[in-house]
Amino acid sequence: MYKIGLIGAGNMGFAIMKGLLKEYLYSHIVFTDKSREKKERIKEKLKIKYINDNKELAQKSKFIVLAVKPQNYDQVISEIDSVLNEKNIIVSIAPGITIQYIKERLRKDIKVVRAMPNTPALVGEGMTAISFSNDEFEEEEIKDVKKIFKSLGETVIIDEKYQDAIVPISGSSPAYVYMFIEAMADAGVLMGLPRELSYKLASQTVLGAAKMVLETGKHPGELKDNVCSPGGTTIEAVANLEKNGFRGVIIEGMNKCYEKTKKMKN
Ligand SMILES: NC(=O)C1=CN([C@@H]2O[C@H](COP(=O)(O)OP(=O)(O)OC[C@H]3O[C@@H](n4cnc5c(N)ncnc54)[C@H](O)[C@@H]3O)[C@@H](O)[C@H]2O)C=CC1
Ligand SMILES: O=C(O)[C@@H]1CCC=N1
């Protein structure tokens, strides 16, 4: 019997497995994927075993993480449904798919966790928001779920009603943070800096600024003010970014992401 079985070993499935290895032995984890080549590559890289059949994986795992695209959920759920029992816990990481949606597609009353992780799990700096179906979970099971996601980085437990809003703020947001880093590096290159040096300077600065917010507890506005010397260089950039709608563009983009999440499969 495996502790954790992952169905789907793509970007997120792989990041989760890599993170899990900080807390669990590779012999506690198993996975499936449609792609034979991907399975072989991951087995080679992480030493985690794969199974070819989703049903067999469900039969042999306590926690079953559905790490496939939302459009594959129905098919995967119907494949594993017949072998699930009350000891199983399904962990869904798909945007917009509710706990109720999954429960309605299962013949038995199986416990379902809805979580939204992100790919920085790969380097132990993930952020996962977790919701439990109701009070049917035992203390030990809640502890286990927290431990699974804790091995990927930070966790918060939230009411499921907030899950759709988690997607733009931490599930999808690494993408736009990378765009920000890329844009800063492009600007560096425009000014004559070598590309690699630009990436290093931009990404360490994003990391450092994020740590400042988390560790000083200061308002981001105050931290920004501390960088802006009166009549200095920074305020020139800040004023120009404001003129071009820097904040508005981010808020609007995230709102689009939220609207799309709500349309996924609720
Ligand atoms: N990529 C990200 O940053 C995040 C993704 N998610 C969610 O995680 C889930 C997976 O996303 P990604 O890993 O990015 O997608 P992906 O496309 O990289 O991986 C999905 C994997 O599932 C496999 N697959 C498809 N159908 C299958 C089946 N019937 N049985 C077994 N394997 C099957 C595919 O071969 C593929 O390797 C999605 O629901 C996504 O919305 C959640 C948080 C962040
Ligand atoms: O783009 C997506 O649909 C997934 C959900 C969160 C991050 N990636």
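Residues numbered from 1 in each chain as written. Chains lettered and ligands numbered in written order. Predicted model: local features only at pLDDT ≥ 70, side-chain atom pairs only at ≥ 80, totals over all residues.

Engineer: Can you break down the site of ligand 2 residue by residue, with the values?
Structural biologist: In the vicinity of ligand 2, the residues found are Pro95, Val167, Gly171 and Ser172. Each residue belonging to the shell around ligand 2 can be placed in one class, and the counts come to two nonpolar, two polar and no charged. (Near = placed C-beta within 6 Å. Nonpolar A, V, L, I, M, F, W, Y, C, P; charged D, E, K, R; others polar.)

Engineer: Which residues make up the site of ligand 1, and what values do they have?
Structural biologist: Surrounding ligand 1, one finds 28 residues, the nearest of these being Gly8, Gly10, Asn11, Met12 and Ala94. Of all the elements, helix 1 (residues 11–20) adds the most residues to the shell around ligand 1, at three residues. Tallied by class, the residues present in the shell around ligand 1 amount to twelve nonpolar, twelve polar and four charged. (Helix = DSSP H or I, 4+ residues; strand = E, 2+ residues; numbered from the N terminus.)

Engineer: Give me the domain arrangement of the protein chain: which residues, what numbers.
Structural biologist: Domain assignment breaks the protein chain into domain 1 (2–163) and domain 2 (173–263). Summarising the inter-unit geometry, the C-alpha centres of domain 1 and domain 2 are found 32 Å apart. (Domains from an automatic or database assignment.)

Engineer: Explain the UniProt feature "binding site: NADPH" (unreviewed entry) in the protein chain to me, and be specific about the residues and the numbers.
Structural biologist: In this numbering, the UniProt entry assigns the feature "binding site: NADPH" (unreviewed entry) to Asn54. Among the structural elements, Asn54 can be located in helix 3 (residues 54–60). Leave out the neighbours within four places in its chain, and Asn54 touches Ile7, Thr32, Val76, Glu79 and Ile80. (UniProt positions renumbered as here; feature names shortened; annotations may be inferred. Contact = placed C-beta atoms within 7 Å.)

Engineer: Which residues make up the packing of helix 8 (residues 173–190) against helix 9 (residues 195–216), and what values go with them?
Structural biologist: Viewed as axis vectors pointing N to C, helix 8 and helix 9 meet at an angle of 135 degrees, and their least axial separation amounts to 8 Å. On the basis of the axis angle, helix 8 is oblique to helix 9. Both helix 8 and helix 9 take part in a crossing whose hand is right-handed. Taking contact as the criterion, the partners of Val177, Ile181, Met184, Ala185, Gly188 and Val189 in helix 8 are, on helix 9, Arg195, Ser198, Tyr199, Leu201, Ala202, Ser203 and Val206. Classifying every residue of the contact of helix 8 with helix 9 by side-chain character gives nine nonpolar, three polar and one charged. (Axes fitted to C-alpha atoms, helices over the stretch in contact; angles between N-to-C directions. Parallel < 35°, antiparallel > 145°, perpendicular 65-115°, else oblique. Left-handed = near helix turned anticlockwise from the far one by under 90°.)

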